[in-house]
Amino acid sequence: EKVNDVEALYCRNPECPAKKIKAFTLFVSRDAMNIDGLSEATLEKFIAKGFIHDFGDIFEIAKHREEIVTMEGFGEKSYDNLIASIDKAKETTLAKVIYSLGISNIGLSNAKVICRHFDFDLDAMRKAGAEWRKIARHAVSCATVLFRVYLSLVAVHSLAGNHSDNSSPRRLAV
């Protein structure tokens, strides 16, 4: 497939295990949600055990405490550190949340451009509709990519449970 004059191979299987692992790895990475203790290997184990199916499950991993502390490479201390890191990740910037979703052509820089355009207001982004086309030339060359951001933001809004912290427009409580 050719995207932006670059030829690449893409797996079209939405349930592809390798794509799923890479998506979760990006989501927890330092530039994204910054969750220490969730390496690619740990994510693979948690997915195999059925603890994680989507990004929201990461924030509910505590319900699997009894099983996690008995897993190889884990114990009480590792578990406590993981939970502390997940709790810290619940308060992050909107740009990092957008970047963490792994949307094609939306890196951290473009996520910041998008956030600035909407004054870091998740609800304004969700309701923007046609306004997405206006920022296409400033953020990326393709309005289709921005529409993917829009659809992903609708999902983030659901994930956040509409608990955004209105006292700080640059932060999002997940």
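Provided above is the structure to which this section pertains.
About the thresholds
- Residues numbered from 1 in each chain as written.
- Predicted model: local features only at pLDDT ≥ 70, side-chain atom pairs only at ≥ 80, totals over all residues.
- Heavy atoms only, no water.
- Salt bridge = Lys/Arg side-chain N within 4 Å of Asp/Glu carboxyl O.
- Helix = DSSP H or I, 4+ residues; strand = E, 2+ residues; numbered from the N terminus.
- Buried < 20%, exposed > 50% of the residue type's maximum accessible area, 1.4 Å probe, protein only.
- Arc of directions from axis to C-beta.
- Core = buried A, V, L, I, M, F, W, Y, C linked by side-chain atoms within 4.5 Å.
- Contact = heavy atoms within 4.5 Å.
- Phe/Tyr/Trp six-rings, centres within 6.5 Å; stacked < 30°, edge-to-face > 60°.

Trainee: Account for the pattern of salt bridges, with residues named and values stated.
Mentor: On inspection of all chains with the given rule, the structure shows five salt bridges. With its nearest N and O atoms 3.2 Å apart, the salt bridge here joins Lys 22 to Glu 40. Highlighted residues: Lys 22 in helix α1 (residues 17-28) and Glu 40 in helix α2 (residues 40-48), separated in sequence by 18 residues. The exposure class assigned to Glu 40 is partly exposed, which follows from its relative accessible area of 30%. Of the charged contacts in the structure, one is a salt bridge between Glu 76 and Arg 65, with a shortest N-O distance of 2.6 Å. Here Glu 76 is found in helix α5 (residues 76-89), whereas its partner Arg 65 is found in helix α4 (residues 65-68), with eleven residues between them in sequence.

Trainee: Give a detailed account of helix α7 (residues 108-117), specifying residues and quantitative values.
Mentor: Listing the buried residues of α7 in full gives Asn 110, Ala 111, Ile 114 and Cys 115. Down the axis of α7, the buried side of the element spans an arc of 140°, and every buried residue falls inside it. For α7, the exposed residues set more than 90 degrees away from the buried face come down to Ser 109 and Arg 116. Residue Asp 119 follows α7 closely and has a positive phi angle near 50°.

Trainee: Let's hear about the nonpolar core: which residues, and what values?
Mentor: Judged by nonpolar contacts, the single largest core of 42 residues is most densely connected at Ile 35, Leu 38, Phe 46, Ile 52, Ile 58, Ile 61 and Ile 68. For this core, the secondary structure elements donating two or more residues are α1, α2, α3 (55-58), α5, α6 (94-100), α7 and α8 (122-127). Among residues more than four places away in sequence, those in contact with Ile 68 are Phe 46, Phe 51, Ile 61, Phe 74 and Tyr 79.

Trainee: Could you give me a rundown of unusual backbone geometry, with the residues and numbers involved?
Mentor: It is generally the case that most residues other than glycine have a negative phi and that most peptide bonds are trans. A positive phi angle is found at Asn 34, which is not glycine, with a value near 55°. A relative accessible area of 32% places Asn 34 in the partly exposed class. In this model, Asp 119 sits at a positive phi of 50°, which is unusual for a non-glycine residue. Relative to the assigned elements, Asp 119 resides in the loop between α7 and α8. Take Asp 119: its relative accessible area is 55%, and that puts it in the exposed class.

Trainee: So, the packing of aromatic side chains: which residues are in play, and what are the values?
Mentor: Applying the stated criterion across every chain, the model contains five aromatic pairs. Ring geometry for Phe 27 versus Phe 59: centroids 6.1 Å apart, planes at 80°, classification edge-to-face. Note that Phe 27 is positioned in helix α1 and Phe 59 in the loop between α3 and α4, a separation of 32 residues in sequence. Judged by its relative accessible area of 2%, Phe 27 is buried.

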